[in-house]
Amino acid sequence: MRIQQLQYLEKIAETGSMNEAAKQLFISQPSLTQAIKELEKEYQIQLFYRSKTGMTLTNEGREFINYTRAILDQVNLLDTKYKSGTIRKQIFSVSAQHYAFVVHAFVELVKLVGGDEYDFTLRETMTQNTLDDVQSFKSEIGVIYLSHFNESVLKNLINEKELEFVPLFEAFPHVFVGRENPLTQKERLTLEDLEEYPYLSYEQGDMNSYYFSEEILSTLYRKKHIQISDRATIFNLMVGLNGYTISSGIISSALNDEKIVAIPLDVDESMILGYIKHKKMSLSPMGLQYIELLKQNISDYGFNLL
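Quick caveat, the model's predicted, so the values are computed rather than measured. (Residues numbered from 1 in each chain as written. Predicted model: local features only at pLDDT ≥ 70, side-chain atom pairs only at ≥ 80, totals over all residues. Heavy atoms only, no water.)

**Things to note about the overall build of the chain**
Check the secondary structure of the chain and you find nine helices and twelve strands. Based on the C-alpha atoms only, the size of the chain along its principal axes is roughly 65 × 40 × 35 Å. A total of 306 residues make up the chain; the buried ones form 47% of that total. Long-range pairs, those at least 24 residues apart, make up 75% of the contacts in the chain with a sequence separation of at least 6. Approximately 15,800 Å² of the chain is accessible, and the part contributed by carbon and sulfur atoms is 49%. Averaging the positions of the 30 positive and the 41 negative side-chain charges in the chain gives two centres separated by 6 Å. (Helix = DSSP H or I, 4+ residues; strand = E, 2+ residues; numbered from the N terminus. Buried < 20%, exposed > 50% of the residue type's maximum accessible area, 1.4 Å probe, protein only. Contact = heavy atoms within 4.5 Å. Areas by Shrake-Rupley, 256 points an atom, 1.4 Å probe, with all protein chains shown as cover. Lys, Arg positive; Asp, Glu negative; His and termini not counted. Charge placed at Lys NZ, Arg CZ, Asp CG, Glu CD.)

Encoded structure:
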């Protein structure tokens, strides 16, 4: 086994493509393929499923890469400490449903530890993609919510993917609307108050099941319904169409959410927001720091951690 082979392995897992990994590593594809074949032969395991759509880690490959990443972390630490002139490039990736506190903590992480060189990724994406990203090591951490309605289905899926869900805080549903919306005249809202307004939700692609919805109470009938793919658009439609969505209640004025208001909704429901990680993989120092920043942001907004 060579350190270079482990670096190759991580790049293939990251890109999901032998060709793309070879390009980013500045080596030929046959050389990369041979290096991985030698690694598989040495340890008598199959690291990847190979198909026309790309490269996917096998179960053995996922477990193997957990150990190799720990080795590479130690190599990076040695290089940083002892190699003259070495600048350690900071790397971190998180996937999440669409939450302001996730972005806020990410911004603070980059400012705090980014340094002169870094390669960070924040994916605000669909629920299924969040789970898949963590399973396939595209992201170290994923952020989602569970409720009484979706908990059974999502926890089963989380277990199947060898992930675990760690609760952060409990939130009670709030209605997000633009500041000029007539609903802002009320201190609390009921479902009846919302009937004539456009309901906005995040689309979930092929997994457009109620269980994967980012909005609690997703099974209720709405006369007017618009699906959106990103937070900027959903905020624009709140302002432009007096639309609304239902979420945790956390809005970040520091991230240009000042045109949006969160109003408590009178329903007997709650959301448990938390993060997902690999069962067999400890969080990196960067991942642990991000979780602490998440917790700090949550506390700053007045929510109690679980």
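We are not done yet, so read on.
**A look at the pattern of salt bridges**
Inspection of every chain in the model, using the stated rule, returns twelve salt bridges. Between Arg69 and Glu10 there is a salt bridge, with the nearest N and O atoms lying 3.4 Å from each other. Separated by 59 residues along the polypeptide, Arg69 in helix H4 (residues 59–82) and Glu10 in helix H1 (residues 3–15) bring together distant segments of the chain. Between Glu292 and Lys295 there is a salt bridge, and its shortest N-O distance comes to 3.9 Å. With Glu292 and Lys295 both in helix H9 (residues 285–300), this residue pair falls three residues apart, about one helical turn. (Salt bridge = Lys/Arg side-chain N within 4 Å of Asp/Glu carboxyl O.)

**A look at the packing of H1 against helix H3 (residues 29–43)**
Packing of H1 against H3 leaves a shortest axis separation of 10 Å and a crossing angle of 110°. Regarding the angle of H1 to H3, the classification is roughly perpendicular. Contacts from Gln5, Leu6, Tyr8, Leu9 and Ile12 of H1 reach H3 at Leu32, Ala35, Ile36, Glu38, Leu39 and Glu42. In terms of residue class, the contact of H1 with H3 is made up of eight nonpolar, one polar and two charged. (Axes fitted to C-alpha atoms, helices over the stretch in contact; angles between N-to-C directions. Parallel < 35°, antiparallel > 145°, perpendicular 65-115°, else oblique. Nonpolar A, V, L, I, M, F, W, Y, C, P; charged D, E, K, R; others polar.)

**Some thoughts on the pairing of strand S2 (residues 54–57)**
In this sheet, S2 lies alongside strand S1 (residues 48–51) in antiparallel orientation, the contact comprising four bridges. Residue pairing for S2: Phe48 is matched across the bridge by Leu57. (Pairing = 2+ DSSP bridges.)

**Quick notes on a nonpolar patch on the surface**
Taken together, the side chains of Met1, Ile3, Tyr43 and Ile71 make up a nonpolar region of the molecular surface, amounting to roughly 320 Å² of accessible area. Here Met1 is to be found in the segment before H1. Here Met1 falls in the partly exposed class, since its relative accessible area comes to 42%. (Patch = residues over 30% accessible without salt bridge, like charges linked within 9 Å, V, L, I, M, F, W, Y side chains within 5 Å.)

**A look at empty space enclosed by the protein**
Across all of its chains, the model carries two cavities of 30 Å³ or more by this definition. Estimated volume of the largest cavity: approximately 150 Å³. If you trace the largest cavity, you find 18 residues lining it, with His98, Phe176, Tyr202, Arg231 and Ser247 closest to the centre. With four residues, helix H8 (residues 231–241) is the largest single contributor of residues to the lining of the largest cavity. Split into classes, the residues belonging to the lining of the largest cavity amount to ten nonpolar, four polar and four charged. What the second largest cavity holds in volume is close to 40 Å³. The wall of the second largest cavity is formed by Val134, Phe137, Ser139, Glu140, Lys277, His278, Met281 and Leu283. Among the residues making up the lining of the second largest cavity, the classes are represented as four nonpolar, two polar and two charged. (1 Å grid on protein atoms, 1.4 Å probe; cavity = no way out; pocket = protein on both sides within 12 Å on 5 of 7 lines; lining within 4 Å. Points joined across faces, edges and corners; volume = space filled by probe spheres on them.)

**Quick word on the packing of aromatic side chains**
This structure, assessed with the given rule, holds ten aromatic pairs. Each ring, one from Phe106 and one from Phe120, has its centre 6.2 Å from the other, and the planes form 65°; the classification is edge-to-face. Of this pair, Phe106 sits in helix H5 (residues 100–113) while Phe120 sits in strand S4 (residues 118–124), and the two are 14 residues apart along the sequence. Assigned by exposure class, Phe106 and Phe120 land together as buried. The positively charged end of Arg222 is found above the aromatic ring belonging to Tyr199, 3.8 Å away from the centroid. (Phe/Tyr/Trp six-rings, centres within 6.5 Å; stacked < 30°, edge-to-face > 60°. Lys NZ or Arg CZ within 6 Å of the ring centre and 35° of its normal.)

**Here we look at helix H6 (residues 127–135)**
A large share of H6 lies buried, amounting to seven of its nine residues. Burial in H6 covers these residues: Thr127, Gln128, Thr130, Leu131, Asp133, Val134 and Gln135.

**Considerations on the sheet that holds strand S11 (residues 260–264)**
Strand order in the open sheet formed by three strands is S10-S7-S11, and the pairing between neighbours is antiparallel. Every other strand in the sheet has two partners, leaving strand S10 (245–247) and S11 as the edge strands with one partner each. Here the strands of the sheet are splayed against their neighbours by 35° on average, with no regard to which way each runs. Pairing between strand S7 (residues 174–178) and S10: three bridges, direction antiparallel. If you follow Phe176 over to S10, its bridge partner there is Thr245.

**Description of the environment of Thr53**
Here Thr53 is to be found in the loop between S1 and S2. A relative accessible area of 79% places Thr53 in the exposed class. Sequence spacing of Thr53 and Ile158 is 105 residues, and the spatial spacing of their C-alpha atoms is 24 Å.

Function cannot be inferred from these measures alone, as they are strictly geometric.
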